[in-house]
Number of protein chains: 2
Amino acid sequence: MTRIVNVALGQLGPVQKADSRASVVRRLCAMMREAHSLGADVIVYPELALTTFFPRWYIEDVAELHRYYERSMPNADTQPLFDLARTLGIGFYLGYAELAEEGAALVQYNTAILVDRTGSIVGKYRKIHVPGHFEHEPWRQFQHLEKRYFTPGKSFDVYQAFGGTVGMALCNDRRWAESYRVMALQGAEMIFIGYNTPVHNAPAPQHDDLSLFHNQLSVQAGAYQNGCWVASVAKGGVEEGVDSIAGSLLVAPSGEVVARCVTKGDEVVLGRADLDFCAVYKRTTFNFDLHRHPECYGLITQKKGETLAADGTPWSASH
Amino acid sequence: MTRIVNVALGQLGPVQKADSRASVVRRLCAMMREAHSLGADVIVYPELALTTFFPRWYIEDVAELHRYYERSMPNADTQPLFDLARTLGIGFYLGYAELAEEGAALVQYNTAILVDRTGSIVGKYRKIHVPGHFEHEPWRQFQHLEKRYFTPGKSFDVYQAFGGTVGMALCNDRRWAESYRVMALQGAEMIFIGYNTPVHNAPAPQHDDLSLFHNQLSVQAGAYQNGCWVASVAKGGVEEGVDSIAGSLLVAPSGEVVARCVTKGDEVVLGRADLDFCAVYKRTTFNFDLHRHPECYGLITQKKGETLAADGTPWSASH
């Protein structure tokens, strides 16, 4: 059995507020056809791919807010994407805002699904490392209200798909080494990540010039240190006046970038991922069974943070 | 109070088997004087700095083996380094093989110490992620018997020194994200790491060409994802016929390399580390209190590895 997966990076350019889901799905379908023509087995789309990145706005009206969420998947707007996947025999990863009925409550998640070659959903992930802030902060040029609009998910899981073990994460998860490790401890060989990353980071504008570097550094380290393939795909470009980084990547278990998008718009790039190549790292330098020391890692799960700065205040205190 | 620490990378070239400790200490002292002349507050020396990297040999005779270890620190050979530190008012980090009396047993550790400006030892670290193998493997061009010669340490600790919170690690620890995280959860602002990394990795020769890349990637990711300064210092060059990478680095909390050695020999390079710069990361993107989710990280401490490859065998099985 071959263990080579042809992975298409399905980078999306901006999605404006006025763009209908149907128009976005047409773009996604066009990219899926292009990916298929290149021989792709799976195409990775970004986080919140179906709408504009609405956490940039403080939205008080719940009905207005909930228009950005999907109540079911597939639904009338996205069914064509699932149909095309089945017709072409190509899988996909797609990020979207999910409104889930949990008993009497409607719970909002930042979600990604994994769809196999038959158009069936085989896995769902709800974003854990939800970034940004909870309260309206009018001093910012634009908001980043993910903490207000999304409840964190509960677990990083893996799925058997495309001949290997596949994990999913979303955006800010990629900066946290724990994300990759928890999936690698379940045998992950390939991890799909979608993201929306504004170039401007209001609380830390010093980071703006380093945004693409930090993106690549985090994905390379996660891939190398876990012997995994990682496909990390952006929605980039200027959306509603806010510029976001693009820079979608496929990174090998060696940490090397093997495929990269070079525009800030809709762009399909194919990379070839040999899942058996993971063993070169998982059986040697990163052989967890031989080399990890969980007995020394207690603090990682025992505490959240609570570290103090030099002046004795917690890092989380406002300054 | 200023929180700028002038850190000297004290990279060492090869130490051959015939080189006496006294001769090595003379080299370390010369480098310390150079560091002082550059305005250094502290100089970081490599792992196992006092001897050649003896785990490359299978040594059956315990008396012969134990000649590579220090039974006390300081001792007659290393006292001049402590004296010079006190005279110059400069601190240091030094790696060496330690033979510790524990009850009736002699226990072997791969150890580093942190010495302050008064020449006093203020911290000791014993290497946790001991790499290599336990049994003699004659098929290798040279051995890497660290697992045979060193008992793993028990904890990553931090110390108050040089106006900030300082942690220590050794060599292979730098490839494991847990090392940095456990220290950052204790408030580490600066981490010192010494290493010896042969260019050739016998079980995975495919990595050889990437060795410097992996070194830099791991240190940059550890620094960025924890908002820490990291000084990582090599013993490099050809020792007893075995070539080791050099590439000593000082990396900022931004992940940027701010100082770098460019030879494979004895080389002192100064970098300027503003500990207050950590807050730019620790209070924003990597504000642990706001953004970590320990409730989702359970596997990191619950299991060592035990992941299965595609053929159902553990990754650790020999193939």
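Residues numbered from 1 in each chain as written. Chains lettered and ligands numbered in written order. Predicted model: local features only at pLDDT ≥ 70, side-chain atom pairs only at ≥ 80, totals over all residues. Heavy atoms only, no water.

Novice: Pulling in residues and values, what's your account of the sheet that holds strand E1 (residues 4-11) of chain A?
Specialist: Residues and elements named next belong to chain A. What the six strands build is an open sheet, ordered E5-E4-E3-E2-E1-E14; its pairing is mixed. The sheet is open, and its two borders are formed by strand E5 (121-126) and strand E14 (267-274), each paired with just one other strand. Looking at each pair of strands side by side, their axes are set apart by 35 degrees on average, direction ignored. Inspection of the sheet shows strand E4 (residues 105-115) paired to E5 by five bridges, in the antiparallel sense. (Pairing = 2+ DSSP bridges. Helix = DSSP H or I, 4+ residues; strand = E, 2+ residues; numbered from the N terminus. Axes fitted to C-alpha atoms, helices over the stretch in contact; angles between N-to-C directions.)

Novice: Describe the environment of A:His207, listing the residues and the values that go with them.
Specialist: For A:His207, the location among the structural elements is in the loop between strand E8 (190-195) and helix H6 (211-224). Given a relative accessible area of 5%, A:His207 falls into the buried group. C-alpha separation for the pair A:His207 and A:Leu299, spaced 92 residues apart in sequence, amounts to 28 Å. Those residues within four positions of A:His207 in sequence are excluded, and the remaining contacts are A:Asn201, B:Val280, B:Tyr281, B:Thr284 and B:Thr285. (Buried < 20%, exposed > 50% of the residue type's maximum accessible area, 1.4 Å probe, protein only. Contact = heavy atoms within 4.5 Å.)

Novice: Residue-level account of the relation of the copies chain A and chain B, with values.
Specialist: Overlaying chain A with chain B gives an RMSD of 0.0 Å, the required rotation being 180 degrees about an axis along which the chain moves by 0.0 Å. In the structure described here, the two chain copies are related by an operation that fits a two-fold rotation axis. Take the interface residues of chain A: 100% of them recur as interface residues in chain B, which is what a same-surface contact looks like. (Least-squares fit on C-alpha atoms with pLDDT ≥ 70 in both.)

Novice: Before we move on, can you summarise the packing of aromatic side chains with the specific residues and values?
Specialist: This structure, assessed with the given rule, holds 30 aromatic pairs over all chains. Residues A:Trp229 and A:Phe277 carry aromatic rings whose centres are separated by 6.4 Å and whose planes lie at 50 degrees to one another, so their mutual orientation is tilted. Residue A:Trp229 is located in strand E9 (residues 229-234), and its partner A:Phe277 is located in the loop between E14 and helix H7 (279-282); the two are separated by 48 residues in the primary sequence. Take A:Trp229: its relative accessible area is 5%, and that puts it in the buried class. Centroid distance B:Phe54 to B:Tyr149: 5.9 Å. Interplanar angle 35 degrees. Geometry classified as tilted. On the criterion of sequence distance, the pair formed by B:Phe54 in the loop between strand E2 (42-44) and helix H2 (62-66) and B:Tyr149 in helix H4 (residues 146-149) is long-range, its members being 95 residues apart. (Phe/Tyr/Trp six-rings, centres within 6.5 Å; stacked < 30°, edge-to-face > 60°.)

Novice: So what about the interface of chain A and chain B? Which residues, and what values?
Specialist: How big an interface is tends to be stated in terms of the accessible area lost upon association of its parts. Contacts between the two partners involve 75 residues from chain A, matched on the other side by 75 residues from chain B. Both sides of the chain A and chain B interface together cover about 7,000 Å² of buried area, and 61% of this is carbon and sulfur. Counting every contact that joins chain A to chain B gives four salt bridges. The salt bridge involving B:Glu178 is made with A:Arg181; its shortest N-O contact spans 2.7 Å. Listing elements by their share of the side of chain A that touches chain B, those giving two or more residues are helix H5 (177-184), H6, H7, helix H8 (288-291) and helix H9 (298-302) of chain A. Examining the composition of the side of chain A that touches chain B, we find that seven residues originate from one element, H6(A), more than from any other. For the side of chain A that touches chain B, the class distribution of residues is 32 nonpolar, 26 polar and 17 charged. (Buried area = accessible area lost by both parts, 1.4 Å probe. Salt bridge = Lys/Arg side-chain N within 4 Å of Asp/Glu carboxyl O. Nonpolar A, V, L, I, M, F, W, Y, C, P; charged D, E, K, R; others polar.)

Novice: A description of the confidence of the model for chain A should follow, citing residues and the corresponding values.
Specialist: Here chain A shows a mean pLDDT of 96. Residues at 70 or above account for 95%. Both scores are available for the predicted complex, with the pTM at 0.96 and the ipTM at 0.96. (pLDDT = per-residue confidence, 0-100.)

Novice: Tell me about the packing of helix H1 (residues 21-37) of chain A against helix H3 (residues 79-88) of chain A, and name the residues and values.
Specialist: Geometrically, a packed helix pair is captured by the angle between its two axes and the distance between the axes. All names here are of chain A. Close contact between H1 and H3 brings their axes to 9 Å; oriented N to C, the two are set at 10 degrees. By the angle class used here, H1 and H3 are roughly parallel. For the element pair H1 and H3, the recorded crossing hand is right-handed. Mapping the contact onto sequence places Val-25, Leu-28, Cys-29, Met-32, Arg-33 and His-36 in H1 and Pro-80, Leu-81, Leu-84, Ala-85 and Leu-88 in H3. (Parallel < 35°, antiparallel > 145°, perpendicular 65-115°, else oblique. Left-handed = near helix turned anticlockwise from the far one by under 90°.)

Novice: Go over the side chain of A:Arg140 with me, naming the residues and quoting the values.
Specialist: Residue and element names in this part refer to chain A. Position of Arg-140 relative to the elements: it lies in the loop between E5 and helix H4 (146-149). On the accessibility criterion, Arg-140 (12% relative accessible area) is buried. Side-chain polar atoms of Arg-140 contact the side chain of Glu-137, separated by 2.7 Å. In contact with Arg-140, not counting residues within four places along its chain, are His-133, Ala-202 and Pro-203. (Polar contact = N/O pair within 3.5 Å; in protein donor to acceptor, adjacent residues only side chain to side chain.)

Novice: Could you give an account of unusual backbone geometry, naming the residues involved and the relevant values?
Specialist: Where the residue is not glycine, phi is negative for most of them; where a peptide bond is considered, it is trans in most cases. Residue A:Pro74 is bonded to the preceding A:Met73 through a cis peptide linkage, with omega at 0 degrees. For A:Glu240, which is not a glycine, the phi torsion comes out positive at approximately 45 degrees. Along the chain, the position of A:Glu240 falls in the loop between strand E10 (237-239) and strand E11 (242-244). Under the relative-accessibility criterion, A:Glu240 is labelled partly exposed at 35%. A positive phi angle, near 45 degrees, is found at B:Leu48, a position not held by glycine. Mapped onto the secondary structure, B:Leu48 falls in the loop between E2 and H2.

Novice: I'd love a proper account of the UniProt feature "domain: CN hydrolase" (unreviewed entry) in chain A, names of residues and values included.
Specialist: If you check UniProt for "domain: CN hydrolase" (unreviewed entry), the listed places come out as residues 5-277 of chain A in our numbering. In residues 5-277 of chain A, helix accounts for 21% and strand for 30%; the two terminal C-alpha atoms are 11 Å from one another. (UniProt positions renumbered as here; feature names shortened; annotations may be inferred.)

Novice: How would you summarise the pattern of salt bridges if you had to cite specific residues and measurements?
Specialist: Residue and element names in this part refer to chain A. Summed over all chains, the structure comprises 36 salt bridges over all chains. Glu-239 serves as the salt-bridge partner of Arg-56, at 2.5 Å between the closest nitrogen and oxygen. You can see Arg-56 sitting in the loop between strand E2 (42-44) and helix H2 (62-66) and its partner Glu-239 sitting in strand E10, a full 183 residues away along the chain. Note on accessibility: Arg-56 and Glu-239 belong to one class, buried.

Novice: If you had to explain H6(A) to someone new, which residues and values would you point to?
Specialist: Residue and element names in this part refer to chain A. For H6, built from 14 residues, the straight-helix expectation of 20 Å at 1.5 Å per residue is met to within 8% by its first-to-last C-alpha distance of 20 Å. Burial analysis of H6 places eleven of its 14 residues in the buried class, which makes it a mostly covered element. Of all the positions in H6, only Ser-211, His-214, Asn-215, Leu-217, Ser-218, Val-219, Gln-220, Ala-221, Gly-222, Ala-223 and Tyr-224 are classed as buried. (Expected span 1.5 Å × (residues − 1).)

Novice: Account for the sheet that holds strand E6 (residues 158-161) of chain A, with residues named and values stated.
Specialist: Residue and element names in this part refer to chain A. Taken in spatial order, the six strands of this open sheet run E6-E7-E8-E9-E12-E13, and their pairing is mixed. Every interior strand has two partners, whereas the edge strands, E6 and strand E13 (257-260), have only one. For this sheet, the mean inter-axis angle between neighbouring strands, taken without regard to orientation, is 20 degrees. Note that strand E7 (residues 164-170) and E8 share five bridges and pair parallel.

Novice: Could you give an account of H5(A), with specific residues and numbers?
Specialist: Of all eight residues that make up H5(A), eight are buried, and the element is covered over most of its length. Listed as buried for H5(A) are A:Ala177, A:Glu178, A:Ser179, A:Tyr180, A:Arg181, A:Val182, A:Met183 and A:Ala184.

Novice: Would you mind going over the pairing of E6(A) in detail, with residue names and values included?
Specialist: Each regular strand shows side chains that alternate between the opposite faces of the sheet. All names here are of chain A. Here four bridges tie E6 to E7, and the two strands are oriented antiparallel to one another. Its bridge partner lying in E7, Ala-161 is registered against Gly-164. In sequence, E6 turns back onto E7 through a hairpin of two residues, with Phe-162 there showing a positive phi of about 55 degrees.

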